Amino acid sequence: MNVNELRKESNPFSFYKTLIILILVLIVVKSWNDTNMNMSFLIDGGRYMHEYIMGNPEIEDSGFFPPNLNSSDLIDYSLAMLETIQMAIIALVISIIIAVPLSYMCSRNILNILIPGKTPFHEFIKKTIYASATLVANIFRSINEIIWALIFVSAVGLGPMAGILALGIHTSGVLCKLLSEGNEAIDPGPVEALTTTGAGFIKVLVFAVIPQTMPHFISMALYRFESDVRSASILGFVGAGGIGFYLFDKMRAFENNDVCTIIIIIVITVWALDKLSSVIRKRFI
C-alpha cells in the first residue's frame, strides 16, 4: 500500500464515513423529536423533584432524609438484601447451566468442531442447531425479568423462587449471547492443531477452547451477577421476593425515610460486590 492509498484509507472524512455519520445524526435527531425529548421540562420541574426528595415542610417525615435508622428495620432490610443476593447467586448458577451448552450451539466454529462433516446433510444439521439455539436464546433475553417473574409467580406462587427462575431464564439468554461471541473470537490455531492429531470434540473443547474462553467467561459471569443483584432488587414489586418487596411497600405507603434506607442498603451492597468482582477479575483475568 503506497502513501496515497494509506492517506485515503485513514482519512476520517471520506465520503462513506461522512455519509454514515450523517445518517446516524439524522437517526438521533429524528428519535429525539419523535419521543418528545425536551430538557426544559426537566429544568422547569426541578423544583418539584427537590420538593419530592426533601419533603413537604408541612407534612412530618414526608422527605427521604434523614433515613430510617431504626435497628429492627435495618435488620429486616439487611436480611431482605441478603435474600436478594442469594437469589442472584442461585439464578447465576441456573443461567450458567443453561447458557454454556446453549452458547456452544450458537457458535459456528464450535459446531464445526462438533459436526466436522461438510456434506449437505451435515451443513443442514449445523444450521438447524444454530438457528434453534439462537431462537431460544433470543426468546430468553428478549422478555424482561419482570415479565418472566409474573409468569413464574402464576406457576409457583409468591416468593423468591419465582424471582430466581425469572432471573435464571433471562440471564441465560444474555449470557448465551455474550459467551457465544467469546467462543467465535478464539484463536483457531490450537483447535486445528488438536483436530489434526485426531482429538475428539471433548478433548478439543477442554484443551483448546475452554482455556481461551475462561477469562471472558469469568468476566461475563461476574458482570451478570452484579446485574442480577440489581434486577432482583425490584422483582419484589411483583411478589418475587427480595428487598424489592419492602421497597415497593414503602414507596406505595409514601414512607420515604424507609425508602431512602433501602436505597442506601442497595447502593452499598452493589458497591461492595463491584469491589469484590474487581478483586476476582485481577486474580483470574
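Residues numbered from 1 in each chain as written. Predicted model: local features only at pLDDT ≥ 70, side-chain atom pairs only at ≥ 80, totals over all residues. Heavy atoms only, no water.

Topic: the overall build of the protein chain
- Secondary structure summary: the protein chain contains 13 helices and zero strands in total.
- Secondary structure elements of the protein chain occur, N-terminal to C-terminal, as α-α-α-α-α-α-α-α-α-α-α-α-α.
- Taken against the 2.2 N^0.38 rule, which gives 19 Å for 285 residues, the C-alpha radius of gyration of the protein chain at 25 Å runs more than 25% over that of a compact globule.
- Judged by the C-alpha coordinates and their principal axes, the protein chain covers about 80 × 50 × 40 Å.
- For the protein chain, the residues scored as buried account for 35% of the 285 residues in total.
- For the protein chain, the share of sequence-separated contacts (at least 6 apart) that also reach a separation of at least 24 residues comes to 71%.
- Looking at the protein chain as shown, the accessible area adds up to about 17,500 Å², and 70% of this sits on carbon and sulfur atoms.
- Taking the average place of the 20 positive charges on the side chains of the protein chain and the average place of its 23 negative ones, the gap between the two points comes to 15 Å. (Helix = DSSP H or I, 4+ residues; strand = E, 2+ residues; numbered from the N terminus. Rg over C-alpha atoms; globule rule 2.2 N^0.38 Å. Buried < 20%, exposed > 50% of the residue type's maximum accessible area, 1.4 Å probe, protein only. Contact = heavy atoms within 4.5 Å. Areas by Shrake-Rupley, 256 points an atom, 1.4 Å probe, with all protein chains shown as cover. Lys, Arg positive; Asp, Glu negative; His and termini not counted. Charge placed at Lys NZ, Arg CZ, Asp CG, Glu CD.)

Quick word on the nonpolar core
- By size, the foremost hydrophobic cluster in this structure holds 29 residues, and its most contacted members are Met 81, Phe 225, Ile 243 and Ile 266.
- Residue assignment for this core shows that the elements contributing at least two residues are α5 (71-105), α7 (120-142), α9 (160-184), α11 (201-235) and α13 (256-284).
- Ranked by residues supplied to this core, first place goes to α5 with eight residues.
- Beyond its immediate stretch of four places on either side in the chain, Met 81 contacts Val 229, Ser 233, Ile 243, Ile 265, Ile 266 and Thr 269.
- Counting 15 residues, the second-largest nonpolar core is a separate cluster that includes Met 87, Phe 140, Ala 166 and Ala 232. (Core = buried A, V, L, I, M, F, W, Y, C linked by side-chain atoms within 4.5 Å.)

Section: the layout of surface pockets
- In this structure, the largest pocket occupies an estimated 220 Å³ of space.
- Along the walls of the largest pocket sit 13 residues, with Asn 109, Asn 112, Ile 113, Val 191 and Thr 195 positioned nearest its centre.
- When contributions to the lining of the largest pocket are tallied by element, the ones reaching two or more residues are α6 (108-114), α10 (188-196) and α11.
- With four residues, the top contributor of residues to the lining of the largest pocket is α10.
- Grouping the constituent residues of the lining of the largest pocket by class yields eight nonpolar, four polar and one charged. (1 Å grid on protein atoms, 1.4 Å probe; cavity = no way out; pocket = protein on both sides within 12 Å on 5 of 7 lines; lining within 4 Å. Points joined across faces, edges and corners; volume = space filled by probe spheres on them. Nonpolar A, V, L, I, M, F, W, Y, C, P; charged D, E, K, R; others polar.)

As for the pattern of salt bridges
- Under the counting rule described, the total for this entry stands at five salt bridges.
- Here Lys 177 and Glu 181 are joined by a salt bridge, their closest N and O atoms 3.5 Å apart. Residue Lys 177 and its partner Glu 181 are located together in helix α9, separated by four residues, close to a single helical turn.
- When its relative accessible area of 38% is taken as the criterion, Lys 177 is described as partly exposed.
- Under the relative-accessibility criterion, Glu 181 is labelled partly exposed at 44%. (Salt bridge = Lys/Arg side-chain N within 4 Å of Asp/Glu carboxyl O.)

A few points about the confidence of the model for the protein chain
- With 94% of its residues at a pLDDT of 70 or more, the protein chain has an overall mean of 83.
- For the protein chain, per-element mean pLDDT is lowest for helix α1 (residues 3-10), which scores 62, and highest for α5, which scores 89. (pLDDT = per-residue confidence, 0-100.)

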